[in-house]
Amino acid sequence: LCCSQLYGYCYQDSNDIPDTLTTITELGSPLEMIQLLQTSWEDRFRICLSLVRLLHYLAHSPLGSVTLLDFRPRQFVIVDGELKVTDLDDASVEESSCTSNSDCFMEFPARNFTLPCSVEGRCQSMNEKRNLYNAYRFFFTYLLPHSAPSSLRPLLDKIVNATGNHNKHGNAKYPSPSVNSEFTQKCVKSANTQYRRVPEAFIPDENYRCWPSYHHKGCLLSVFDVNEAIEICDSYSQCKAFVLTNQTTWTGRQLVFFKMASNHIVPDPDKITYVKVTD
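Let me sum up the structure you'll find in this document. Values in this document were obtained by computation on a predicted structure and should not be read as measured data.

**Focus: the overall build of the protein**
Item 1. Along the backbone of the protein there are six helices and 14 strands.
Item 2. Looking at the protein residue by residue over its 279 residues, the buried ones come to 44%.
Item 3. Across the protein, every contact between residues at least 6 apart in sequence was considered, and the portion connecting residues at least 24 apart equals 64%.
Item 4. Carbon together with sulfur atoms contributes 49% to the accessible area of the protein, which is approximately 15,500 Å² in total.

**Points about helix α2 (residues 41–59)**
Item 1. Taking 1.5 Å per residue, 19 residues should reach 27 Å; α2 reaches 27 Å between its end C-alpha atoms and fits that length.
Item 2. In terms of burial, α2 is a largely internal element, 14 of the 19 residues being buried.

**A few points about the sheet that holds strand β3 (residues 29–30)**
Item 1. The three strands are arranged β3-β5-β6 in an open sheet whose pairing can be described as antiparallel. Of all strands in the sheet, those with a lone pairing partner are β3 and β6 (82–85), marking the two edges.
Item 2. The sheet contact formed by strand β5 (residues 76–79) and β6 spans four bridges and is antiparallel. Each bridged residue has a counterpart across the sheet, and for Ile-78 the counterpart in β6 is Leu-83.
Item 3. Its contacts with the sheet place α2 against β5 and β6, and it is angled at close to 40° to β6.

**So, the environment of Gln-75**
Item 1. Within the secondary structure, Gln-75 is located in the loop between β4 (67–68) and β5.
Item 2. Given a relative accessible area of 6%, Gln-75 falls into the buried group.
Item 3. The spatial distance from the C-alpha of Gln-75 to the C-alpha of Pro-30 is 8.8 Å, given a sequence separation of 45 residues.
Item 4. Contact partners of Gln-75, with chain neighbours within four places excluded, come to Asp-70, Lys-84, Val-85, Thr-86, Asp-87 and Asp-90.

**Remarks on the state of the cysteines**
Item 1. Overall, the coordinates contain four disulfides when judged by the stated rule.
Item 2. The disulfide partner of Cys-104 is Cys-123, and the S-S distance across this bridge is 2.1 Å. Its torsion about the S-S bond being -90°, the disulfide of Cys-104 and Cys-123 is classed as left-handed. Of this pair, Cys-104 sits in the loop between β7 (91–92) and β8 (105–107) while Cys-123 sits in the loop between β9 (112–114) and α3 (126–143), placing them 19 residues apart in sequence.

**Here's the deal with helix α6 (residues 226–235)**
Item 1. Of the residues making up α6, those classed as buried are Glu-228, Ala-229, Ile-230, Ile-232 and Cys-233.
Item 2. Contacts made by the buried residues of α6 are with β10 (195–202), β11 (219–223), β12 (241–248), β13 (254–259) and β14 (266–276).
Item 3. The residue sitting at the N-terminus of α6 and contributing the capping side-chain oxygen is Asp-225; that oxygen lies 3.2 Å from the backbone nitrogen of Asn-227.

**Some points on the nonpolar core**
Item 1. Within the largest apolar cluster, 43 residues are counted, with the highest numbers of intra-cluster contacts made by Leu-51, Phe-71, Phe-76, Leu-83, Phe-139, Phe-140 and Leu-144.
Item 2. Contributing elements (two or more residues each) for this core: α1 (33–37), α2, β5, β6, α3 and α4 (153–164).
Item 3. With 10 residues, α2 is the single largest residue contributor to this core.
Item 4. Excluding anything up to four places from it in sequence, Phe-76 contacts Leu-31, Leu-54, Leu-68, Phe-71, Leu-83, Lys-84, Val-85, Thr-86 and Phe-139.
Item 5. In this structure, Tyr-208, Ala-229, Ile-232 and Leu-244 belong to the second largest nonpolar core, which totals 16 residues.

**What to know about unusual backbone geometry**
Residues other than glycine predominantly adopt negative phi, and peptide bonds predominantly adopt the trans conformation.
Item 1. For Asp-80, which is not glycine, the phi torsion reads 55° and is therefore positive.
Item 2. As for its placement among the helices and strands, Asp-80 is situated in the loop between β5 and β6.
Item 3. Classification of Asp-80 as exposed rests on a relative accessible area of 68%.
Item 4. Phi angles above zero are rare outside glycine, and Ser-125 is one such case at about 55°.
Item 5. With respect to the helices, strands and loops of the structure, Ser-125 is situated in the loop between β9 and α3.

Conventions we followed
- Residues numbered from 1 in each chain as written.
- Predicted model: local features only at pLDDT ≥ 70, side-chain atom pairs only at ≥ 80, totals over all residues.
- Heavy atoms only, no water.
- Helix = DSSP H or I, 4+ residues; strand = E, 2+ residues; numbered from the N terminus.
- Buried < 20%, exposed > 50% of the residue type's maximum accessible area, 1.4 Å probe, protein only.
- Contact = heavy atoms within 4.5 Å.
- Areas by Shrake-Rupley, 256 points an atom, 1.4 Å probe, with all protein chains shown as cover.
- Expected span 1.5 Å × (residues − 1).
- Pairing = 2+ DSSP bridges.
- Axes fitted to C-alpha atoms, helices over the stretch in contact; angles between N-to-C directions.
- Disulfide = S-S within 2.5 Å.
- Polar contact = N/O pair within 3.5 Å; in protein donor to acceptor, adjacent residues only side chain to side chain.
- Core = buried A, V, L, I, M, F, W, Y, C linked by side-chain atoms within 4.5 Å.

Take a look at the structure:
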């Protein structure tokens, strides 16, 4: 689940290129950080969650703790919204040998760490902690806080800080998947604005653009319930109505179209429209 699926391989030994192994793996989309930052926070959180699963697998693989020496976005692909590692050429299961703690020095562009040297003469958990800090500096620090729901920002800040400072504590700390349940179950208080409920109805036009949106020509966002949709509509001055669809995101949140008018409403058995009541 964490690595690109292997469909086949071919071993070739020629005079020009000896000991050549060619692999055929599943096709994924290249990881472009700029494009990811333009997607919804929910999709970016899904990528981070799949990265957490990968970190856990690498730390407890059948071969032992595996480190990715070239842990950068170009080593990964997106497959059905999930992050998978596609290049294992630089993977290693060798824990660094040492005679003292000074031999267990890890150097990164922004900060350095020194790990304890075990009685067996190995740097304790260096593979695992190298992966974790690289995940922090290349992924978590960009994808998690950026445009995150305000209710989750204190928790996300704690997760990101704990991940970046993990070497000051005994064991590596992984971001908790419980954020997923807190995100999907978060219910905001309803605003005082009144809305008229119109069942089995849809507003086909009257779109405006918002960011981030699941629709490039309109404002399509995910919500937990009607109360959250009301809060979002109240936060946009141009929003005069919204339409609940029967579509949900991967976390189970409902997709909602936000509209700047309600002049033309058409029947639609799969949708419910809420129109802002004006004095």
